[in-house]
Amino acid sequence: TRSTRSAAGDRRPRRASGVRSGGQPMGDVHEIEASDGVRFSWNVWPATRLEATRMVVPLGCLYTPLKLIEGLPVLPYEPIVCKGPCPSVLNPYCRVDFRAKIWICPFCFQRNHFPPHYAEISEQNLPAELISNYTTIEYSLPRPKAGPPVFLWVVDTCMAEDELQAVRDSLEQALSLLPEDALVGLVTFGTTVQIHEIGYELCAKSFVFRGTKEPSAQQLQELLGLRAAKRDPREASGAGAARSGASRFLLPVSECEFAMSTILSELQKDPWPTETSERPLRCTGVAVSVAVALLESTYPNSGARMMLFVGGPCTVGPGQVVNRELAEPMRGHHDLEKENTTTKHVKKALKHFSAVAKRVAAAGHVVDIFACALDQCGLMEMRSLAATTGGYVVMAESFQNNVFKESWRKVLSRDAAGNLNMAFGASIEVLTSAELKVCGAIGNVFSLQKKAACIAETEIGLGGTVAWGVGSIDPETCVALYFEVANQPAQAAGAVGAQGGGGGQRYIQLLTSYQHATGAYRLRVTTLAHTYAETSSMAEVARGFDQEAAAVLMARIAVHKTLTEEPFDILRWIDRMLIRLVAKFADYRKDDPGSFRLSSHFAIYPQFMFHLRRSDFLQVFGNSPDETGFFRWSLMRENTTSSLIMIQPTLLAYSFSGPPVPVLLDVTSISADRILLLDTFFHCVVFSGETIASWRKQKYHEQPGHENFRELLLAPSEDAAEIMRARFPTPMYIECDQNGSQARFLLSKLNPSVTHTSSQNQGSEVIFTDDVSLQVFMDHLKRLAVQS
């Protein structure tokens, strides 16, 4: 609640959403995340830039723009915007003169008059924008609705017949899951690219393009007769012509369901002959470019998804990643490091797909990639298509696999109101008070190159702008934003003091505009206020440290660095930053490691860094470049909780002694008489101890009198199924036994506290590795932190 006080102008004190006035963290960080969708690395901010440089971990936040917030008000009118130099929106931190009907912007201190329809407001009759609990609010803008969403399916026909059948079944299922007014189209490719004219009723008709040459957008428009569709189809002038041109290839589900089902049922494997020693001719690069050009020409700046279903690498034309001969293997991490002959296509392919991704982003569209094959599909080269536009990536061994089938169903899932769980054409803009500057953003976004006075010289991720675009977002999409503390300008400080607006607080406003699945345009506004430390002592700042959010923000920087730096250099950077952080905030005596103590605010941060160093984001051994690219894409999309599971997986133990309990991610947690459930985000592993596995093989659980054993076997499988139901992409489910071959999925994630070189390894599981354990890591950290 907020008190009010009468003065020369009725001024109302503001509530800081993240901290109390004394600088202490206000409430639980999870409560703040639930109400605003934001988690900061530091919840108490230093007063000066010099003090900020001593924090080591950057000041940043993880922002989930469309987080499902209970009781979020949706206002059916345009927001009230500041008339000053900043485009901030009316919010609970604005001071209001109820008599004069004036509000003062907390960002630029501009005095603004309320519009006439706000004449009745008073301290007792507040509009929703000024109610203290509504620091996040959403506007449904009264503008003409956009058209229905567009789905263009781009299908690889060079797969085995059973794989192609699985894709056909999934697409036919999609026709029943999509809204009836959603527009769908089909492009197939193999040796050639075919754009199917589903609006032609007399027979199956398609336009065929060579797979070795990429047609320009202008050539495609001319060949398909789409010259009249250049304009935005929502515009009044030329709308009919644009629709008639587009409707030959993209039709509402209600009109083309039969025609699309017929085309899908008659879809055949690519007829071009392939020798047993060769890969099929697959022109993925040209197919993607043609599909993008079709959407650019028909529905620019509308909600549109290009969904790519690919079952192997591109072997011909632009975007080629490997030669046709099977004697030449797909490039691996070692090949990329040495730049040998198998990587000769990589740079050209990366350049081609990056150029296509920029076109997609400029048109406001999105690309989803479903890559399902036992070998690599070239996902590493194509990743920019999804990473730039905010698209989905699903990677599985087969289109018949449950991983693909369940993930596909979740892509087309509906919310409680019956709308698709996706939004289009989003932009995220950041406004800050004068004491803060924006360093950049890291996530599946692209820069909108919007300049402002609050841009920092130091760039982290995509910097040099205060606004970023993303072709598609959903309630799980999360973006990392980074800030720096600026020395407060004298005039700003004077304005704060004169107008009573300081109160030791700094403000950030996050503006997310997007096209809702219903076609309505919406704007979500989140306004945050944080207290800064009133003294130069770092103890006050330390109490506001969120080690979970900080670990994820650092992980995103590390993964972003992999685009330009060597993994070894990134590991050294992580080590240096960790040593500097604990040396600054730990309690110890110089040159005495035994005296080293970390407060509870920092206690688990070092182990997050230990597991980050060993994670699949930075350690490429045992993974293909495609798998590494998929893991890194996932980290750039997920929120704090999911990202932490990727960095440090969770481990539950099931036994006869009681309910399941969390146990240490350590090899000592393995026991012959219990079952472990490992959740790495990408895999759910049910690991049975030696005794449990032996009893199961003897089928004790099927015999009467062993009901408890039967329930013990079922419990981890049911919990794993619950995890898999709620997660996207659907994780792979693995069941394994102690000493079995697939036990490697568990052992690779455990802390190797007992190895083959340990002196005390009798009667316990050991890990054959030269990696250091967490204990050795911490001993070295303490020694380096306390040295003079």
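Residues numbered from 1 in each chain as written. Predicted model: local features only at pLDDT ≥ 70, side-chain atom pairs only at ≥ 80, totals over all residues. Heavy atoms only, no water.

Asks: What's the story with the overall build of the chain in this structure? I'm lost.
Replies: A tally of helices and strands in the chain yields 22 helices and 29 strands. Radius of gyration (C-alpha) of the chain: 28 Å, near the 28 Å computed for a compact globule of 788 residues. Referenced to the eigenvectors of the C-alpha coordinate spread, the extents of the chain come out at roughly 85 × 80 × 60 Å. Within the chain, the proportion of its 788 residues that are buried is 57%. (Helix = DSSP H or I, 4+ residues; strand = E, 2+ residues; numbered from the N terminus. Rg over C-alpha atoms; globule rule 2.2 N^0.38 Å. Buried < 20%, exposed > 50% of the residue type's maximum accessible area, 1.4 Å probe, protein only.)

Asks: Explanation requested: the pairing of strand β2 (residues 59-63) in the structure shown.
Replies: Here is the key point about a regular strand: its side chains alternate between the two faces of the sheet. Of all five residues in β2, five are buried; the element is thus mostly enclosed. Here β2 shows a buried face lined by Leu 59, Cys 61 and Tyr 63 and a second buried face lined by Gly 60 and Leu 62. Across three bridges, the pairing between strand β1 (residues 38-40) and β2 is antiparallel. Paired with Arg 39 across the two strands is Leu 62, which belongs to β2. In the sheet, β2 pairs with strand β20 (residues 479-485) via five bridges, with the strands oriented antiparallel. Looking at β20, one finds that Tyr 63 is bridged to Val 479. (Pairing = 2+ DSSP bridges.)

Asks: Just to check I follow, could you spell out the sheet that holds strand β4 (residues 95-97) for this structure?
Replies: Two pairing modes exist for strands in a sheet, parallel and antiparallel, and in both the strands are linked by backbone hydrogen bonds. Strand order in the open sheet made by the three strands is β4-β5-β6, with antiparallel pairing throughout. For this open sheet the edge positions go to β4 and β6 (111-113), each flanked by a neighbour on one side alone. For this sheet, the mean angle separating the axes of adjacent strands, direction not counted, is 25 degrees. (Axes fitted to C-alpha atoms, helices over the stretch in contact; angles between N-to-C directions.)

Asks: Explanation requested: the nonpolar core in the structure shown.
Replies: As a rule of thumb, soluble globular proteins bury nonpolar side chains together. Ranked by size, the top nonpolar core spans 144 residues in total, and within it Trp 42, Leu 481 and Tyr 605 carry the most contacts. With ten residues, helix α14 (residues 547-561) is the single largest residue contributor to this core. Among residues more than four places away in sequence, those in contact with Trp 42 are Met 55, Val 57, Pro 58, Leu 59, Val 541, Ala 542, Gly 544, Phe 545, Leu 581, Phe 585 and Phe 602. Counting residues in hydrophobic clusters, the runner-up holds 40 residues, among them Ala 182, Leu 186, Trp 408 and Phe 728. (Core = buried A, V, L, I, M, F, W, Y, C linked by side-chain atoms within 4.5 Å. Contact = heavy atoms within 4.5 Å.)

Asks: Would you mind going over helix α7 (residues 284-298) with me for this structure?
Replies: The terminal C-alpha atoms of α7 lie 21 Å apart, and with 15 residues this matches the ideal 21 Å at 1.5 Å per residue to within 8%. In terms of residue burial, α7 counts as a mostly covered element, since 14 of its 15 residues are buried. (Expected span 1.5 Å × (residues − 1).)

Asks: Explain the side chain of Arg 524 here, please?
Replies: By secondary structure assignment, the location of Arg 524 is in strand β22 (residues 521-531). Residue class for Arg 524 comes out buried when judged on its relative accessible area of 7%. Within the local environment of Arg 524, its side chain forms a polar contact with the backbone oxygen of Pro 65, the two atoms lying 3.3 Å apart. In this structure the side chain of Arg 524 is engaged in a polar contact, spanning 2.8 Å, whose partner is the backbone oxygen of Lys 67. The residues contacting Arg 524, other than those within four sequence positions of it, are Pro 65, Leu 66, Lys 67, Ile 69, Leu 72, Thr 136, Ile 137, Glu 138, Leu 510, Leu 511 and Thr 512. (Polar contact = N/O pair within 3.5 Å; in protein donor to acceptor, adjacent residues only side chain to side chain.)

Asks: Looking at this structure, how should I read the pairing of β22?
Replies: Of all eleven residues in β22, eleven are buried, a share of seventy percent or more. Residue alternation in β22 divides its side chains into two sets, Tyr 521, Leu 523, Val 525, Thr 527, Ala 529 and Thr 531 and Arg 522, Arg 524, Thr 526, Leu 528 and His 530, and both sets are buried. Pairing of strand β7 (residues 136-140) with β22 involves five bridges; the strand directions are antiparallel. Among the inter-strand pairings, Ser 140 is bridged to a residue of β22, identified as Arg 522. With eleven bridges connecting them, strand β21 (residues 505-515) and β22 associate as antiparallel partners. Residue pairing across strands places Leu 510 opposite Thr 526, the latter belonging to β22. With antiparallel pairing between neighbouring strands as the criterion, β21 and β22 make up a hairpin whose turn holds five residues, including Gly 519 at a positive phi of roughly 100 degrees.

Asks: It is not clear to me how the pattern of salt bridges should be interpreted in this structure. Could you clarify?
Replies: Two side chains with opposite charge may pair up if their charged atoms get near one another. Tallied over the full model, the rule gives 31 salt bridges. Lys 205 is the partner of Glu 197 in a salt bridge, and the nearest nitrogen-oxygen pair spans 3.4 Å. Judged by relative accessible area, Lys 205 falls into the partly exposed class, the value being 31%. Between Arg 637 and Glu 638 there is a salt bridge, with its nearest N and O atoms 3.3 Å apart. Judged on exposure class, the residue Arg 637 and its partner Glu 638 are both buried. Through salt bridges that share partners, Glu 33, Arg 39, Asp 546 and Glu 548 make up one connected network. (Salt bridge = Lys/Arg side-chain N within 4 Å of Asp/Glu carboxyl O.)

Asks: Help me understand the sheet that holds strand β28 (residues 683-688), please; the structure alone is not making it clear to me.
Replies: Taking strand neighbours across the sheet as the criterion, the five strands line up as β26-β25-β27-β28-β29 in an open arrangement whose pairing is mixed. Edge positions in the open sheet fall to β26 (658-662) and β29 (732-737), since each of these has one partner strand only. Adjacent strand axes in the sheet meet at a mean angle of 15 degrees, parallel and antiparallel pairs treated alike.

Asks: I would appreciate a short explanation of the environment of Gly 391 in the present structure.
Replies: Relative to the assigned elements, Gly 391 resides in the loop between α10 (379-389) and β15 (393-396). In this structure, the C-alpha to C-alpha distance between Gly 391 and Leu 578, residues 187 residues apart in sequence, is 33 Å. If near-sequence neighbours (up to four positions away) are discounted, Gly 391 is found in contact with Arg 305, Val 366, Val 367, Asp 368, Ala 386 and Trp 633.

Asks: Explain the packing of helix α15 (residues 567-585) against helix α16 (residues 605-614) to me, please; I cannot follow it from the model alone.
Replies: At a closest axis distance of 11 Å, the pairing of α15 and α16 adopts a crossing angle of 175 degrees. Here α15 is positioned roughly antiparallel relative to α16, judged by the angle of their axes. Contact residues: Leu 571, Arg 572, Ile 574, Asp 575, Leu 578, Leu 581 and Val 582 in α15; Tyr 605, Pro 606, Met 609, Leu 612 and Arg 613 in α16. For the contact of α15 with α16, the residue count by class is nine nonpolar, no polar and three charged. (Parallel < 35°, antiparallel > 145°, perpendicular 65-115°, else oblique. Nonpolar A, V, L, I, M, F, W, Y, C, P; charged D, E, K, R; others polar.)

Asks: What should I look at first to understand the packing of α14 against α15 in this one?
Replies: The geometry of a pair of packed helices is captured by two quantities: the angle between their axes and the separation between those axes. One can describe the packing of α14 onto α15 by two numbers: an axis separation of 10 Å at closest approach and a directional angle of 155 degrees. Between α14 and α15, the angle falls in the class roughly antiparallel. Every pair of crossing elements has a handedness; the one defined by α14 and α15 is right-handed. Contacts from Met 554, Ile 557, Ala 558 and Lys 561 of α14 reach α15 at Ile 570, Trp 573, Ile 574 and Met 577. Tallied by class, the residues present in the contact of α14 with α15 amount to seven nonpolar, no polar and one charged. (Left-handed = near helix turned anticlockwise from the far one by under 90°.)

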